[in-house]
Structures are given as C-alpha cells and as structure tokens.
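Chains, contacts and geometry: an overview
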Amino acid sequence: MVDRNRLYRIDAIVMHRSDMGEADRLLTVLSRERGKLRLNAKGARKIKSRRAGHVELFMRSKMLVAKGRGDIDIVSQVETVEAYRGLREDLTRSTYAHYVVELIDAFAEEGSEQPEMFDLLAEGLGWIATTAMRNLPLTARFFELKLLTLAGFQPQVFRCADQGEALKEAAANEFYGWSPSSGGVLCPDHAPGRSDAGRLSIHALKVLRHALRTEYHTFTTLTIRDSVSGEVEQAMLRYIQYVLERKVKSVEFLNLLRRENAVI
Ligand SMILES: [Zn+2]
C-alpha cells in the first residue's frame, strides 16, 4: 500500500537516462514544479511494464512520484503528454535536442520550482522536432538567448557594454567588438581596449537584436548568409562558455564557503 502523503505529481521532461540494476532506469528530469530531479523508473526496461515507453529521452510526461528513502524518488505512474516524435526520427534534430537539454541542465537548479525554464524547454523541443531543417541553427540561437535572459545573463546588444552609451553606426572600416567579459557588444571606440573582444559584424549584431525583440516564428523567417550564421553561433558559444565558467566557479565558491562555515 502506497502512503499517499509520500506522493507528488510533476510535469517532467526526461533530460538523461541510464540503466540501473536489472530492470530499472535512472532518470534526470526537468520538472515544472521542482526543477531538476533524479528519479528511478522501476522496472521501466521490462517490456510489459506500464512505465516502459513513457520515460524515453526528451519525452514530456505527467508523473506520480513516490518519495524514496534516499536522494532518489520513485516514478509510480507515468502518462505521456508529448513524445516529440520528430526528435527520434532524425539524427540532426536529435543532436539539437541534446544540445538544448545540456544547456538547460547547466543552468537549471535542483529542487526549486522553475516553470519558465520548463516551458522554454518544452517549447524548444517542439520547435526542434517540427521546424524546417534550415531553421535549426536560428532555433538554437533563439533558444540560447531566451535561456540566458531567463537565467539573468542576457547579453547587451543594444548599447555599448563597456560604457553603456548608445551604439553609434560603425564606419565601413570599423568593427564592433563582442566581449563576453564586458557582457556583450562593444562600440568601435571601446572594442580595441578589451583583450577578449572578438569582432562582430553589423549583420551578426542585427540577428542578435532581432532574436531579443521578436517572437520565435517571426525570427525564424529570417534569411541570413551562412557566414553570418556561423559568426552568430561563435559569438553565442563564446558568451555561453564564459557565463557557465563563472557560474560554475560561483557555485564552487558557495560550496567552499558552506564547508568553511561548517568547520567554524
Ligand atoms: Zn562604447
């Protein structure tokens, strides 16, 4: 008999899964109600299990979860909300899905309610599963910028990130800078002063601005040259790496403080 007080319901997306023991499956999910969780889907690998097929990678399901004795709670019932079939049928789409899940995994917190992040992941997986193949790179850029905004790290693309002044139009022989450590774009005057400032073209800057100003379906109607697409991708990659490095360091620092405090 299951103790009702030990049960809770979540809306969850499977981010990672691995086999555990003979028939169990260990899941890392992002839940709307409780952020990131690790769960045991007992018996999920048995063909006859009612849980089989509902806890595949990237699937969104309603789950009834029973509190376990240790860190890992147990999936008691599960019902698929959205299977995102397109992600399983195409390798490129599944690669993009892995990428956005890794990003979410890096930014999501354990044990706290994160409805916006959950909604973004649910929406993002839907875009990746169904959009035209040529839209996948822009979809990833849109997702990155939305996620950074939710996490409080939206890059500055409307003003100079160095002095905060309005960005002047770059002359034909001038370039904007892109400096993750300054927080975004730099005007041609301040760009040379920052050692980490790579060049950013006006075309790439416009794409970044457009992503932050418009809805997904409008943004992905953009047609951009491959060179600009590559430039935006590199700029975002450098920015995300910088943010995550700082984030990881700050988490380590906080843990260190906690340990030091515990000792004192
Ligand atoms: Zn400036």
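The following refers to the structure shown. Since this is a predicted model, take the numbers as computed values, not measurements.

Turning our attention to the overall build of the chain. Looking only at helices and strands, one finds seven helices and eight strands in the chain. Taking the principal axes of the C-alpha coordinates as reference, the chain spans close to 75 × 55 × 25 Å. Expressed as a percentage of the 264 residues in the chain, the buried residues total 45%. With the model as given, the accessible surface of the chain reaches about 14,600 Å², and the carbon-plus-sulfur share is 48%.

The subject of this paragraph is the coordination of the zinc ion. Donor atoms from the polypeptide that coordinate the zinc ion comprise Cys160 (SG), Glu165 (OE), Cys187 (SG) and His190 (ND1), at 2.0 to 2.3 Å from the metal. Coordination at the zinc ion is tetrahedral, judged from the four donor atoms that bind it and the angles of 94 to 117 degrees they form at the metal. We note that the donor set of the zinc ion lies within a single chain, spaced as C-x4-E-x21-C-x2-H. One end of the pair, Cys160, is in the loop between helix H4 (136-150) and strand S6 (176-179); the other, Cys187, is in the loop between strand S7 (184-186) and strand S8 (198-200), with 27 residues separating them in the sequence. Across the pair, exposure class does not vary: Cys160 and Cys187 are buried alike.

Turning next to the nonpolar core. Within the largest apolar cluster, 71 residues are counted, with the highest numbers of intra-cluster contacts made by Met63, Leu121 and Leu125. Among the elements that line this core, the one with the most residues is helix H3 (residues 115-130), at nine residues. Those residues within four positions of Leu121 in sequence are excluded, and the remaining contacts are Ile13, Met15, Leu30, Val100, Val101, Ile104 and Phe143.

Let's shift gears to the pattern of salt bridges. As a working rule, side chains carrying opposite charge can pair if their charged atoms are close by. On inspection of all chains with the given rule, the structure shows 14 salt bridges. Linking Asp19 and Arg25 is a salt bridge whose minimum nitrogen-to-oxygen distance equals 3.5 Å. Between Arg85 and Glu89 there is a salt bridge, and its shortest N-O distance comes to 3.0 Å. Here Arg85 pairs with Glu89, and both are found in helix H1 (residues 85-89), just four residues apart, close to one helical turn. Arg85 sits in the exposed class, given a relative accessible area of 60%.

This part is about the sheet that holds S7. An order of S7-S6-S8 is seen for the three strands of this open sheet, with the pairing classed as antiparallel. Of all the strands in the sheet, just S7 and S8 have a single pairing partner and so form its edges. Each neighbouring strand pair of the sheet contributes to a mean axis angle of 45 degrees, computed without reference to strand direction. For S6 and S8, the ladder comprises three bridges, and the chain directions are antiparallel. Within S8, the position partnered with Tyr176 by the bridge is Leu200. Its contacts with the sheet put helix H5 (residues 202-213) on S6, S7 and S8, and the angle it makes with S8 is roughly 75 degrees.

A rise of 1.5 Å per residue sets the reference length of H5, with its 12 residues, at 16 Å; its end C-alpha atoms lie 16 Å apart and thus fit the reference within 8%. What H5 keeps buried is the set Ala204, Leu205, Val207, Leu208, Arg209, Ala211 and Leu212.

Pairing is mixed in the closed barrel, where five strands are placed in the order S1-S2-S3-S5-S4. For this sheet, the mean inter-axis angle between neighbouring strands, taken without regard to orientation, is 50 degrees. Bridge count for strand S4 (residues 60-66) against strand S5 (residues 73-82) is seven bridges, and the pairing is antiparallel. Bridge assignment links Ala66 to a residue of S5, and that residue is Ile74. Sitting on the sheet, helix H2 (residues 91-107) is in contact with strand S1 (7-20), strand S2 (24-31) and strand S3 (35-41), with an inclination near 115 degrees to S1.

A separate point is the environment of Asp119. Along the chain, Asp119 turns up in helix H3. The exposure class assigned to Asp119 is partly exposed, which follows from its relative accessible area of 32%. When the C-alpha atoms of Asp119 and Pro180 are compared, they prove to be 27 Å apart, with 61 residues separating the residues in sequence.

Calculation rules
Every chain is numbered on its own, with residues counted from 1 as its sequence reads. Only residues with pLDDT of at least 70 get local features here, since the model is predicted, and only at 80 or more are side-chain atom pairs given and counted; chain-wide, interface and lining totals rely on the full set of residues. Where side-chain values are given, they derive from all heavy atoms of the structure, hydrogens and water being excluded. Helix and strand definitions here come from DSSP, where helices need a minimum of 4 consecutive H or I residues and strands a minimum of 2 consecutive E residues; each element is numbered from the N-terminal end. To sort residues, take the accessible area from a 1.4 Å probe on protein chains only and compare it with the maximum for the residue type: under 20% means buried, over 50% means exposed, and anything in between is partly exposed. Surface accessibility in these figures is a Shrake-Rupley result with a 1.4 Å probe; residues are shielded only by whichever protein chains are displayed. Donors, by definition, are the N, O and S atoms found within 2.8 Å of a metal, the threshold being 3.2 Å for Na, K and Ca, and water is not counted, so a site can look incomplete. Only two sets of limits are used to name each site, 85 to 135 degrees for every angle of a tetrahedral four-donor site, and over 155 degrees for opposite donors with all other angles from 65 to 115 for a square planar four-donor or octahedral six-donor site, with any other site named irregular. Residues enter a nonpolar core if they are buried and are Ala, Val, Leu, Ile, Met, Phe, Trp, Tyr or Cys, with the set joined through side-chain atoms within 4.5 Å. Between two residues, a contact is recorded if the distance between any of their heavy atoms is within 4.5 Å. Salt bridges, as used here, are contacts in which a Lys or Arg side-chain nitrogen is within 4 Å of a carboxyl oxygen on Asp or Glu. A pair of strands counts as paired when DSSP detects no fewer than two bridges linking them. Angular values range over 0 to 180 degrees, each being the angle between N-to-C directions of two axes fitted as lines to C-alpha atoms, with helices fitted over their stretch in contact. In this scheme, a helix's expected span is set at 1.5 Å multiplied by one less than its residue total.

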